[in-house]
Number of protein chains: 2
Amino acid sequence: MEPKEFSDFAKSMVDYIVEYLENLRERRVLANVQPGYLRPLIPNAAPDDPDSWQDVMADIERVIMPGITHWQSPRFHAYYPMTNSYPSIVADMLSGAIACVGFSWMASPACTELEVVMLDWLGNMIGLPKEFLASSGGKGGAVIQGTASEATLMALQAAKAKKVQEVKEDHPDWTDDMIVTKLVAYTSDQAHSSVERAGLFGGVKMHFIASDAKNSMRGEDLEMAIKNDLEAGLIPFYAVVTLGTTNSCAFDRLDECGPVGNKYHIWIHVDAGYAGCAFICPEYRHFMQGIETADSFNFNPHKWLLVNFDCSTMWLKDPSWLINAFYVNPVYLRHETQGSLPDYRHWQIPLSRRFRALKLWFVLRLYGVKQLQDHIRRYCKFAQEFAEMCRADERFEIVGEVNMALVCFRLKGGNEANEKLLKVINCRGNIHMVAAKIHEIYFLRMAVCSRYTKSEDMIYTWNEVKEVADEMLQK
Amino acid sequence: MEPKEFSDFAKSMVDYIVEYLENLRERRVLANVQPGYLRPLIPNAAPDDPDSWQDVMADIERVIMPGITHWQSPRFHAYYPMTNSYPSIVADMLSGAIACVGFSWMASPACTELEVVMLDWLGNMIGLPKEFLASSGGKGGAVIQGTASEATLMALQAAKAKKVQEVKEDHPDWTDDMIVTKLVAYTSDQAHSSVERAGLFGGVKMHFIASDAKNSMRGEDLEMAIKNDLEAGLIPFYAVVTLGTTNSCAFDRLDECGPVGNKYHIWIHVDAGYAGCAFICPEYRHFMQGIETADSFNFNPHKWLLVNFDCSTMWLKDPSWLINAFYVNPVYLRHETQGSLPDYRHWQIPLSRRFRALKLWFVLRLYGVKQLQDHIRRYCKFAQEFAEMCRADERFEIVGEVNMALVCFRLKGGNEANEKLLKVINCRGNIHMVAAKIHEIYFLRMAVCSRYTKSEDMIYTWNEVKEVADEMLQK
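In this convention, every chain numbers its residues from 1, walking through the sequence in written order. All chains are assigned letters beginning at A, and all ligands numbers beginning at 1, according to the order in which they are written. In keeping with the model being predicted, local features are shown solely for residues with a pLDDT of at least 70 and side-chain atom pairs are shown and tallied solely at 80 or more, while totals for entire chains, interfaces and linings include all residues. Water and hydrogen atoms were dropped before computing side-chain values, which therefore reflect all heavy atoms in the structure.

Across its full length, chain A carries 14 helices and 11 strands. The C-alpha radius of gyration computed for chain A amounts to 24 Å, which stays within 12% of the reference 23 Å derived for 475 residues, consistent with globular compactness. When its C-alpha atoms are laid out on the principal axes, chain A stretches across 65 × 65 × 45 Å. The rule is simple: take the accessible area with a 1.4 Å probe, protein chains only, and divide by the maximum for that residue type; under 20% is buried, over 50% is exposed, in between is partly exposed. Across the 475 residues that make up chain A, the buried fraction comes to 67%. By the criteria applied, helices consist of DSSP H or I runs no shorter than four residues and strands consist of E runs no shorter than two, each listed in order from the N terminus. Note on method: radius of gyration uses C-alpha positions; expected globular size equals 2.2 Å times residues raised to 0.38.

Next up on the list: the packing of helix α8 (residues 219-231) of chain B against helix α9 (residues 254-263) of chain B. All names here are of chain B. At a minimum axis separation of 8 Å, α8 and α9 run at an interaxial angle of 25°. In terms of orientation, α8 and α9 fall into the roughly parallel class. Once α8 is placed against α9, the crossing between them reads as right-handed. Counted together, Gly219, Leu222, Glu223 and Ile226 of α8 and Glu256, Cys257, Val260 and Lys263 of α9 form the full contact between these two elements. Note on geometry: axes are lines fitted to C-alpha atoms, helical ones only across the stretch in contact, with angles between N-to-C directions running from 0 to 180 degrees. For classification purposes, an angle smaller than 35 degrees is called roughly parallel, one larger than 145 roughly antiparallel, one from 65 to 115 roughly perpendicular, and anything else oblique. Whether a crossing is left-handed or right-handed is set by the direction in which the near helix is turned from the far one by less than a right angle, anticlockwise for left-handed and clockwise for right-handed. In this analysis, two residues are considered to be in contact whenever any of their non-hydrogen atoms come within 4.5 Å of each other.

A pair of cysteine sulfur atoms is labelled a disulfide when the two atoms are within 2.5 Å. The full count for this structure, using the stated rule, is zero disulfides over all chains. We note that Cys449 of chain A lacks a disulfide partner, and the nearest cysteine sulfur, in Cys249 of chain A, lies 12 Å from it. Residue classification places Cys449 of chain A among the buried positions, given a relative accessible area of 3%. Its sulfur unpaired, Cys311 of chain B is 9.4 Å from the next cysteine sulfur, which belongs to Cys277 of chain B.

Time to look at the packing of helix α2 (residues 53-64) of chain A against helix α12 (residues 357-391) of chain B. One way to put it is that α2 of chain A packs onto α12 of chain B with a least axis distance of 10 Å and a crossing angle of 140°. Viewed along their axes, α2 of chain A and α12 of chain B form a crossing whose handedness is right-handed. Residue-level inspection shows Trp53, Asp55, Val56, Asp59, Ile60, Val63 and Ile64 of chain A of α2 of chain A in contact with α12 of chain B, the latter providing Leu358, Trp361, Phe362, Arg365 and Leu366 of chain B. For this scheme, ten residues count as nonpolar: Ala, Val, Leu, Ile, Met, Phe, Trp, Tyr, Cys and Pro. Four count as charged, namely Asp, Glu, Lys and Arg, and the remainder, Gly too, count as polar. Here the contact of α2 of chain A with α12 of chain B is built from residues that sort into nine nonpolar, no polar and three charged.

Turning our attention to the layout of surface pockets. Counted as a void, the largest pocket has a volume near 1200 Å³. Any residue with an atom within 4 Å of a point lines the site, the site being either a cavity, points on a 1 Å grid over the protein atoms alone where a 1.4 Å probe fits but cannot get out, or a pocket, an open set with protein on both sides within 12 Å along at least 5 of 7 lines. Lining the largest pocket are 44 residues, with Lys160, Val180 and Gly202 of chain A together with Gly202 and Gly203 of chain B sitting closest to its centre. When the residues that make up the lining of the largest pocket are grouped by side-chain class, the tally is 22 nonpolar, 12 polar and 10 charged. Grid points are joined across faces, edges and corners, and a volume is the space filled by probe spheres set on the points.

Quick look at the confidence of the model for chain A now. By definition, pLDDT measures how confident the predictor is in each residue, and it falls between 0 and 100. Summing up the model confidence of chain A, the mean pLDDT is 95 and the portion of residues at 70 or higher is 99%. Interface confidence for the predicted complex, expressed as ipTM, amounts to 0.96; the pTM equals 0.96.

In this section: the interface of chain A and chain B. Each side of the interface is counted separately: chain A has 141 residues, and chain B has 141 residues. As used here, buried area is the combined drop in accessible area, with a 1.4 Å probe, of two parts when they are placed together. Across the interface of chain A and chain B, roughly 12100 Å² is buried in total on both sides, 69% from carbon and sulfur atoms. A pair is scored as a salt bridge if a Lys or Arg side-chain nitrogen falls within 4 Å of a carboxyl oxygen belonging to Asp or Glu. At the surface where chain A touches chain B, the tally comes to 12 salt bridges. Across the salt bridge formed by Arg39 of chain B and Asp120 of chain A, the nearest N and O atoms sit 2.7 Å from each other. Counted as a polar contact is a pair of N or O atoms within 3.5 Å, where, for protein atoms, one must be capable of donating a hydrogen and the other of accepting one, and residues adjacent in sequence contribute only when both atoms are in side chains. Taken together, the connections running from chain A to chain B amount to 48 residue pairs in polar contact (both at pLDDT 80 or more). Looking at the side of chain A that touches chain B residue by residue, the class counts come to 85 nonpolar, 30 polar and 26 charged.

Residues and elements named next belong to chain B. We call two strands paired when DSSP finds no fewer than two bridges between them. Pairing is antiparallel in the open sheet, where four strands are placed in the order β8-β9-β11-β10. The open sheet has two edge strands, β8 (396-398) and β10 (434-438), and neither has a second partner. The average undirected angle you get between the axes of adjacent strands in this sheet is 40°. Note: strand β9 (residues 406-411) against strand β11 (residues 441-447), four bridges, orientation antiparallel. Bridge pairing in β11 places Leu406 opposite Ala447. Strands in contact with helix α13 (residues 415-428) are β8, β9, β10 and β11; relative to β11, the strand with the most contacts, it is inclined by about 30°. The strands that helix α14 (residues 455-474) touches are β8, β9 and β11; relative to β9, the one it contacts most, it runs at about 15°.

Moving on to the side chain of Thr246 of chain B. Here Thr246 of chain B lies in the loop between β4 (235-242) and α9. Residue class for Thr246 of chain B comes out buried when judged on its relative accessible area of 14%. Those residues in contact with Thr246 of chain B that lie beyond four places of it in its chain are Tyr332 of chain A together with Tyr80, His192, Leu406 and Arg445 of chain B.

All names here are of chain A. Under the UniProt annotation, the feature "modified residue: N6-(pyridoxal phosphate)lysine" (unreviewed entry) is placed at Lys303. The topology assignment puts Lys303 in helix α10 (residues 301-304). Given a relative accessible area of 17%, Lys303 falls into the buried group. UniProt positions are given in the numbering used here, feature names are shortened, and annotations may be inferred rather than shown by experiment.

Before going further, it helps to spend a moment on the pairing of strand β2 (residues 183-188) of chain B. Residues and elements named next belong to chain B. Within β2, six of the six residues are buried, which leaves the element mostly enclosed by the surrounding structure. Here β2 shows no split at all, with Leu183, Ala185 and Thr187 on one side and Val184, Tyr186 and Ser188 on the other all buried. Here β2 pairs with β4 via five bridges, running parallel. Along β4, the bridge assignment pairs Leu183 with Ile235. Where β2 meets strand β3 (residues 205-209), five bridges bridge the pair, whose relative direction is parallel. Counted as the bridge partner of Ser188 is Ile209 from β3. Call a crossover right-handed when, viewed with both strands pointing away from you, the route from the first strand across the helix to the second goes clockwise. Taken together, β2, helix α7 (residues 193-202) and β3 constitute a β-α-β crossover, and its handedness is right-handed.

It is worth spelling out the relation of the copies chain A and chain B at this point. Two copies of the chain are present, and they differ by a rotation about an axis and a shift along that axis. Of the transformation superimposing chain A on chain B, the axial component is 0.0 Å and the angular component is 180°, with the fit at an RMSD of 0.0 Å. Here the symmetry operator amounts to a two-fold rotation axis. Judged by C-alpha distance, Lys11 of chain A is the residue of chain A that lies nearest the rotation axis, at 3.0 Å. An overlap of 100% is found between the interface residues of chain A and their copies at the interface of chain B, pointing to a shared contact surface. Least-squares superposition aligns the copies on the C-alpha atoms of those residues with pLDDT at or above 70 in both.

Moving on: α9 of chain B. Residues and elements named next belong to chain B. Those residues of α9 lying buried are Leu254, Cys257, Gly258, Val260 and Gly261. Taken around the axis of α9, the buried residues stretch over an arc of 165°, which confines them to a single face. Two residues or fewer past α9, His265 is found with a positive phi of approximately 55°. By arc we mean the arc of the directions from the helix axis to the C-beta atoms, nothing more.

Right, let's get into the packing of aromatic side chains. Residue and element names in this part refer to chain A. Ring pairs shown here join Phe, Tyr and Trp side chains whose ring centres sit within 6.5 Å, with only the six-membered ring taken for Trp; geometry is labelled stacked below 30 degrees between planes, edge-to-face above 60, and tilted in between. Using the criterion set out here, one finds 44 aromatic pairs over all chains in the structure. Here Tyr274 and Trp304 contribute two aromatic rings whose centre-to-centre distance is 4.6 Å and whose plane-to-plane angle is 10°, an arrangement assigned as stacked. With Tyr274 in the loop between β5 (267-271) and β6 (296-299) and Trp304 in helix α10, this residue pair connects regions lying 30 residues apart in the sequence. As far as burial versus exposure is concerned, Tyr274 and Trp304 are alike and both buried. The ring of Trp174 carries Lys182 above its face, with NZ or CZ at 5.2 Å from the centroid. Here, a charge over a ring is recorded when the distance from Lys NZ or Arg CZ to the ring centre is within 6 Å and its angle to the ring normal is within 35 degrees.

Right under this line is the structure:
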């Protein structure tokens, strides 16, 4: 493709993107296709000779859009937000053009260095203690992972390497295999499925601590589990504390669990995937009380801070455990200045990595801290507006507290009615939600997910829920 | 940021990208900065109020470009290519605007379905046996992973799950831990560092098979290692066969190792990261002889097929082992149509995933098969041209065979001279290469990496090498 063609094509795509995003409200939020819809719409083999870009543009509406569930729509309330923004899209264009790979400092110094500085900017914005920041001049440092799943897994592996070494000092005759067999990790029964999966991946036991009435993991419950396991001859080594669970945006008590972890020499990893974004507003930081006891902290700017997926930021007080857990360093990856700045390949599962710090830089500069704070507060206000409407209808109840921009709610009564409610809502496809279940109570989750959301959208969403309920309960 | 501003900003970025890519040859390929160069160039905190996009644009040349090693430059010969292209950049713009997350079919059917069909297109283009393709209607299927590292690791985990289950059928009294302790994986001493790392990650032993004079792993060597391990009471379960090593683009003998793997019920994973791209040309497919014996096959279109990183395509004859290795399925991720098409979250390490199939679709359509074949053949021809010039200079020798678009070469004599040669070349920064070492022989690697490369660039690169050698050998 010649530069002139690219220029026309890309600019046409810019116009399409504006048209798409600014009019998202008009599209049915939930894809309305049957499995297998796409294959008959396109040829069964790649063309021998090039198609025209105009053909490709035309096929977006014909082939792709019918099968899109519109995550950026103000009618989308499923899961948690997966954000995008104009500055972030432009940053990714630049990243795609440079197309460097930042596996070592030398492979593109800007890629590594901008990441180091951006994670200092962001760490300061959420009030992280200095020990986590590269700018402190201590051991602390940070990295952009792809996802919170990877951060949880990498922290687990670091904690495992650390504990194996500690145990071997006391028991030089024990093999690694013997030790790993005894290792046990902890998390709440409310933790994200990726935490359980990290345990399976890491080949270690994981004990799930029953959460309290607020769906929070408490320090004394964690301590009791640790004591039991120690008595049984196991070796506690890692605990994942969740700030803002996926089920209900509940917060584990980091201020209690952190000190317990420290007492028993257990690595404390904080998974604040979604809610961590809100910590740029000081009024939400009470949820991270106890952060000074943590070994690693992770949240996803791609969830709620207008940075496109993937950008999962992870800070560590001592990254050397991460780096050394799987250190391999072949000749073709070595370079002269090795050591003075991070070679990020040692910090992550894959070797290669894109220039993702550009997105952070563009977003932080082109919104600025105040607008980002407004953005967080606006979402939270919308959630409260929805909750108000829900509370005012006596057929419904709010489940737990309304934290951040998530409202958990249900029809009073049994699960079956609520399962039906959700099914009908999603079948209509005007809004999209998913459910969760805690202690056998099934409920719906209304997450505010779009930067296009207005108060009117909350009214629309509530009316949609109400209408379905009206119909259901009439019958 | 308002749509009008985005439109101006994005179109300005389009112009910048054209300017950058079309004039890449003029830039010093290797970044010429000292560690820590970037921090003093920007403020030490995010701004409270937004900067203008014009300021951000201006800072690209001031802050970023001095620290970029230009991977797309025709002067770049390090590692292997990490490709980009105009169609791929535009596809990523669309992906960033839609910003859906394809962890389940329902979360965006198009994201899953286009991936399934594109991997059929691509699988057919490289001549994969039907058993690997979804279109065959059998068990086979494919997925886009982020990197070959992840593909190797996921295949290892699948193989591990499979073998543990098999062993338990024969030994119902053995625990998982007991079995895992006995597991042993195999690869060549020439395999990529990520293979060794996958073994460390998976917590299993890995034995490295000495390669032959052509740096290939041979069937009889693999079989001998397996027999020895069986006699020692170990349980062989997994072998990674490399087609196109990073050191020297050597090819393991899949036609020998594959049948050995089958004979001993070992999962055969084929890592064709770079060279797999060339299999779209029939004349290179002899290297994949024996492919019908493999359980999984992986290569990176982001390396040499003009698809932007990350796009690492992986085919499996029976993906169920991968899917079930770490199957977790919480309520909030379930959906009605589950089961009829892949829920790709089970196929990979992270939960979330971008809409990467768009890049494949745009590239395959806007180049077409013939132009992509030409592209591969052109690179290989350039490598031969360079090798010719190198052979004509009696001070130099080619190391091994010239495979694909990589030339391994060195000054005749000791390693020290060659280490110096590379160091001076990279210090001058007009071209960029890295070295490798096999059996204590250190050599330079000249990989053709840019879609802007012409025959003149090969002459330029050779002259640069020659000039440095002239200077060194005069002294």
